[in-house]
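Below are the chains, spelled out letter by letter.
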Amino acid sequence: MKTIASFTVDHDTLEKGMYVSRIDGDVVTYDIRMKKPNGGDYLPNGAMHTFEHLFATFARNHALGEQVVYVGPMGCRTGFYLLLRDVVSRQEALDLARESFAFIAAFQGEIPGTQPRECGNYREHDLPGARAAAEDMLRVLADWTPERMDYGR
Ligand SMILES: [Zn+2]
């Protein structure tokens with residue numbers, strides 16, 4: 001079988017940030033890298049799960065929500081995938097990520113979608129952990145630019 005494109009990125013040199021990993025037709029996949037790959041520090045499941053609920057809820061309710069194809073965690077627990085229609089510019093995608101993380105960092109109250117009928121593991125949530133991860137990514141993306149989104153392939 002062919003090696004899929006995301007495995008051809010050199011994970012040894014990858015740093016935290018936001019990158020365009022692939023373009024399929026009119027869908028752009030952004031890798032939001034929140035932990036250094038193989039760095040020994042990964043998103044805890046509960047924090048990642050809560051982050052997912054809040055990120056997806058915010059992004060899909062955003063003015064660009066109709067252009068959001070998918071929001072979800074990486075299985076390696078080092079970040080998130082954000083899939084957007086290509087009518088969204090890289091700058092707009094970056095702004096959407098920053099706004100989403102500001103929302104998560106400040107979130108209080110009941111996490112959306114955490115009734116047993118709404119979620120596959122409704123007890124495994126960690127809001128303080130999600131908030132901390134969002135705060136960290138706000139720092140990482142504070143001076144990020146669309147030019148830095150290329151993986152160099
Ligand atoms: Zn869930």
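The notes below deal with the structure included here. (Residues numbered from 1 in each chain as written. Predicted model: local features only at pLDDT ≥ 70, side-chain atom pairs only at ≥ 80, totals over all residues. Heavy atoms only, no water.)

## A short note on unusual backbone geometry
Piece 1. Positive phi is not limited to glycine here, since Asn 38 has a value of about 55 degrees.
Piece 2. Following the sequence through the fold, Asn 38 ends up in the loop between β2 (27-33) and α1 (45-61).
Piece 3. Looking at Asn 38, the relative accessible area reads 64%, which means it is exposed.
Piece 4. Non-glycine residue Arg 77 carries a positive phi angle of around 60 degrees. (Helix = DSSP H or I, 4+ residues; strand = E, 2+ residues; numbered from the N terminus. Buried < 20%, exposed > 50% of the residue type's maximum accessible area, 1.4 Å probe, protein only.)

## Brief notes about the pattern of salt bridges
Piece 1. Inspection of every chain in the model, using the stated rule, returns ten salt bridges.
Piece 2. Residues Lys 35 and Asp 41 are paired through a salt bridge, measuring 2.9 Å at the closest nitrogen-oxygen approach.
Piece 3. Assessed through its relative accessible area of 44%, Asp 41 is described here as partly exposed.
Piece 4. Ionic contacts of the salt-bridge type, sharing partners, join the residues Lys 16, Asp 136 and Arg 139 into one network. (Salt bridge = Lys/Arg side-chain N within 4 Å of Asp/Glu carboxyl O.)

## Section: the side chain of Ser 21
Piece 1. Within the secondary structure layout, Ser 21 lies in strand β1 (residues 17-24).
Piece 2. Looking at Ser 21, its side chain comes within polar contact range of the side chain of Asp 31, at 3.1 Å. (Polar contact = N/O pair within 3.5 Å; in protein donor to acceptor, adjacent residues only side chain to side chain.)

## Remarks on the coordination of the zinc ion
Piece 1. Coordination of the zinc ion by the protein is provided by His 49 (NE2), His 53 (NE2) and Cys 119 (SG), with metal-donor distances spanning 2.1 to 2.2 Å.
Piece 2. His 49 sits in the buried class, given a relative accessible area of 12%. (Donors = N, O, S within 2.8 Å, 3.2 Å for Na, K, Ca; no water.)

## A word on the packing of aromatic side chains
Piece 1. Enumeration according to the criterion identifies nine aromatic pairs in this entry.
Piece 2. Ring plane angle 50 degrees and centroid distance 5.3 Å describe the contact between Phe 51 and Phe 101, whose orientation is recorded as tilted. Of this pair, Phe 51 sits in helix α1 while Phe 101 is found in helix α2 (residues 90-105), placing the two residues 50 residues apart along the sequence. For the pair shown, Phe 51 and Phe 101 are each scored as buried.
Piece 3. By way of ring pairs, the aromatic residues Phe 51, Phe 55, Phe 80 and Phe 101 are connected into one cluster. (Phe/Tyr/Trp six-rings, centres within 6.5 Å; stacked < 30°, edge-to-face > 60°.)

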